[in-house]
Amino acid sequence: LAKKRATAHVMASSSGADMNTLLEVWGAPALTYIEPVFRPPAEGNSLILQVTNGCSWNKCTFCEMYTSDSKKFRLKPLEVIEEEIKQLARLGSSMQSLNRVFLGDGDAMML
């Protein structure tokens, strides 16, 4: 299932869709976080860059972090991530205190 989702992600990203369409598929404006936010305590001063929403497995009996309807698993289109990074870079000196970027949500390494 995760492989099928990753394949769909690659196809959507390489289809040449415009940014508005990609943001519509993602379900949120650029540089916003689909709530609720789960920030690990060690990342308290980090910028959270959401590259996935929810968890691809989401079947752990001990975990209820990604069970809300808004946290259904999906990958953010690569073009959206690239645009968000460009927007953050344009902020430049206003982000001097930023030392780390945390890739969220569950399974950010699915990209």
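Residues numbered from 1 in each chain as written. Predicted model: local features only at pLDDT ≥ 70, side-chain atom pairs only at ≥ 80, totals over all residues. Heavy atoms only, no water.

Peer 1: Would you mind showing me how to read the pattern of salt bridges here?
Peer 2: Should their charged atoms come close, side chains of opposite charge can pair. Summed over the entire model, instances satisfying the criterion amount to four salt bridges. Residue glutamate 43 is joined to arginine 100 by a salt bridge in which the shortest nitrogen-to-oxygen separation is 2.4 Å. On the criterion of sequence distance, the pair formed by glutamate 43 in the loop between α2 (19–26) and β1 (47–50) and arginine 100 in the loop between α3 (78–91) and β4 (101–104) is long-range, its members being 57 residues apart. Residue arginine 100 is classed as partly exposed on the basis of its relative accessible area of 43%. (Salt bridge = Lys/Arg side-chain N within 4 Å of Asp/Glu carboxyl O. Helix = DSSP H or I, 4+ residues; strand = E, 2+ residues; numbered from the N terminus. Buried < 20%, exposed > 50% of the residue type's maximum accessible area, 1.4 Å probe, protein only.)

Peer 1: So what exactly am I meant to see when it comes to unusual backbone geometry here?
Peer 2: Note that the residue after glutamate 35, namely proline 36, is joined by a cis bond; omega there is -5 degrees. Relative to the helices and strands, proline 36 resides in the loop between α2 and β1. A cis amide bond, omega 0 degrees, links glycine 104 with the succeeding residue aspartate 105. Tracing the backbone through its elements, the reader meets aspartate 105 in the segment after β4. With a phi close to 50 degrees, asparagine 58 is a non-glycine residue in the positive phi region. Along the chain, asparagine 58 turns up in the loop between β2 (52–53) and β3 (74–75). Asparagine 58 gets classed as partly exposed once you look at its relative accessible area, which sits at 35%. Of note in the backbone geometry, aspartate 107 takes a positive phi value of approximately 60 degrees without being a glycine. Secondary-structure assignment places aspartate 107 in the segment after β4. With a relative accessible area of 30%, aspartate 107 lands in the partly exposed category.

Peer 1: Hey, could you run me through the packing of aromatic side chains in this one?
Peer 2: The geometry of an aromatic ring pair is captured by two quantities: the separation of the ring centres and the angle between the planes. Counted by the stated rule, this structure contains one aromatic pair. Above the plane of the ring of tryptophan 57 lies lysine 59, whose end atom (NZ or CZ) is 5.0 Å from the centre. (Phe/Tyr/Trp six-rings, centres within 6.5 Å; stacked < 30°, edge-to-face > 60°. Lys NZ or Arg CZ within 6 Å of the ring centre and 35° of its normal.)

Peer 1: Just checking my understanding: could you explain the nonpolar core for this structure?
Peer 2: Side chains that are nonpolar tend, in soluble globular proteins, to be buried together. Counting residues in hydrophobic clusters, the biggest one holds six residues: Leu49, Val51, Ile81, Leu88, Met95 and Ala108. Those residues within four positions of valine 51 in sequence are excluded, and the remaining contacts are Leu75, Lys76, Ile81, Leu103, Gly104, Ala108 and Leu111. (Core = buried A, V, L, I, M, F, W, Y, C linked by side-chain atoms within 4.5 Å. Contact = heavy atoms within 4.5 Å.)

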